[in-house]
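# Close look at the chain arrangement
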Amino acid sequence: MINLTPRLLKTAELITPCKKLADIGTDHAYIPVYALQNALAETVVASDINEGPLNNAAKTVKQYGFEDRVVLRLSDGLENIEETEADAVVIAGMGGELIAKIIGDAPWLKNNKQIIMQPMTHFEDLRAFLCDNGYKITKETVVREGKRLYLALSAEYTEEEANFGEWYFYVGNLIYSNNPDEIEFCNRIVNRLEKKHTALKNSGYDANKIGKILEEIKYEQACLLYTSPSPRDRSVS
């Protein structure tokens, strides 16, 4: 059995068992192999924008004997992936803005597809894109790998645009979690926003927007000390 890093394992565990999986930016094809070994998919299209990672993926696929169940493909995002080739799509290890662009460039993802994402940066931009474009975040979680904390989440299209404040894009439903890593993840975000807020004020720039976001996050945190999870919680765990 293949062993995944905590980051990749947490991402793979979000996959709802399906027939056809696509892994975008597959690199060494570790997630495709894990998915096949654990009956999370029957076949996988493993794609990357560069030949080098695909060569690495080919070695992994051969090592574990899945040449007949994995298709390796050169593709910029989902450009060369057909709708009929994927019931679920994994996009991991990229910036949130790039992940949002990949999703936006593939409107067929709105047709009853699960999207599993692991943004390395700009997760607030990814959450904003999803909420503003009719995608519901169905699951979000945090995993620790060394000193770093990584976010992983899944979503599906529901047509409904979520009406959240901008603070939500930074912490999501993680703010209602009792998980220590998820609490620390939110606290790190608050610390980062506080530093940005201070830097803007000291430089003479408008810090009101960041200040308001901070106030709203801290308000939600304070409410949790006295009440049950906010009604904004859409049952995302």
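I will try to describe carefully the structure that is included in this document. (Residues numbered from 1 in each chain as written. Predicted model: local features only at pLDDT ≥ 70, side-chain atom pairs only at ≥ 80, totals over all residues. Heavy atoms only, no water.)

Attention now goes to the side chain of serine 75. For serine 75, the position within the fold is in the loop between strand 3 (70–74) and strand 4 (88–95). Leave out the neighbours within four places in its chain, and serine 75 touches Ser47, Asp48, Ile49, Asn80 and Ile81. (Helix = DSSP H or I, 4+ residues; strand = E, 2+ residues; numbered from the N terminus. Contact = heavy atoms within 4.5 Å.)

Pairing within the open sheet is mixed, and its seven strands lie in the order 3-2-1-4-5-7-6. Of all strands in the sheet, those bounded by a partner on one side alone are strand 3 and strand 6 (135–145). On average, adjacent strands in this sheet sit at an angle of 15 degrees to one another, irrespective of strand direction. As judged from the five bridges shared by strand 2 (residues 43–48) and strand 3, these two strands associate in the parallel manner. Residue pairing for strand 3: aspartate 48 is matched across the bridge by leucine 74. Contacting strand 5 (114–121), strand 6 and strand 7 (148–157), helix 5 (residues 123–132) runs over the sheet at an angle of about 160 degrees to strand 6. (Pairing = 2+ DSSP bridges. Axes fitted to C-alpha atoms, helices over the stretch in contact; angles between N-to-C directions.)

Our next topic: the packing of helix 4 (residues 96–104) against helix 5. Two packed helices can be described by the angle between their axes and the distance between those axes. Remark: helix 4 packs on helix 5, axes separated minimally by 7 Å, with the N-to-C direction vectors making an angle of 25 degrees. As judged from the angle between their axes, helix 4 and helix 5 are roughly parallel. Once helix 4 is placed against helix 5, the crossing between them reads as right-handed. Contact with helix 4, carried on its side by Gly96, Glu97, Ile99, Ala100, Ile103 and Gly104, involves Asp125, Leu126, Phe129 and Leu130 of helix 5 and no other residues of that element. Split by residue class, the contact of helix 4 with helix 5 holds six nonpolar, two polar and two charged. (Parallel < 35°, antiparallel > 145°, perpendicular 65-115°, else oblique. Left-handed = near helix turned anticlockwise from the far one by under 90°. Nonpolar A, V, L, I, M, F, W, Y, C, P; charged D, E, K, R; others polar.)

Here the largest pocket defines a volume of roughly 310 Å³. Forming the walls of the largest pocket are 14 residues, and the residues nearest its centre are Phe123, Arg148, Leu149, Phe185 and Arg192. Residue assignment for the lining of the largest pocket shows that the elements contributing at least two residues are strand 5, helix 5, strand 7 and helix 7 (180–202). Of the residues in the lining of the largest pocket, the class split is eight nonpolar, two polar and four charged. (1 Å grid on protein atoms, 1.4 Å probe; cavity = no way out; pocket = protein on both sides within 12 Å on 5 of 7 lines; lining within 4 Å. Points joined across faces, edges and corners; volume = space filled by probe spheres on them.)

With that out of the way, let us pick up the packing of aromatic side chains. Using the criterion set out here, one finds five aromatic pairs in the structure. Their ring planes at 65 degrees and their centres at 5.3 Å tell us that tyrosine 135 and tyrosine 157 sit as a pair that is edge-to-face. Taken together, the positions of tyrosine 135 in strand 6 and tyrosine 157 in strand 7 put the pair 22 residues apart, joining distant regions of the chain. Classification of tyrosine 135 by relative accessible area gives buried; the value is 3%. Taken together, the ring pairs in this structure connect Phe129, Tyr135 and Tyr157 into an aromatic cluster. Across the ring face of tyrosine 150, the terminal group of arginine 7 is positioned such that the distance to the ring centre comes to 5.8 Å. (Phe/Tyr/Trp six-rings, centres within 6.5 Å; stacked < 30°, edge-to-face > 60°. Buried < 20%, exposed > 50% of the residue type's maximum accessible area, 1.4 Å probe, protein only. Lys NZ or Arg CZ within 6 Å of the ring centre and 35° of its normal.)

Remember, this is a structural readout, not a statement about activity or role.
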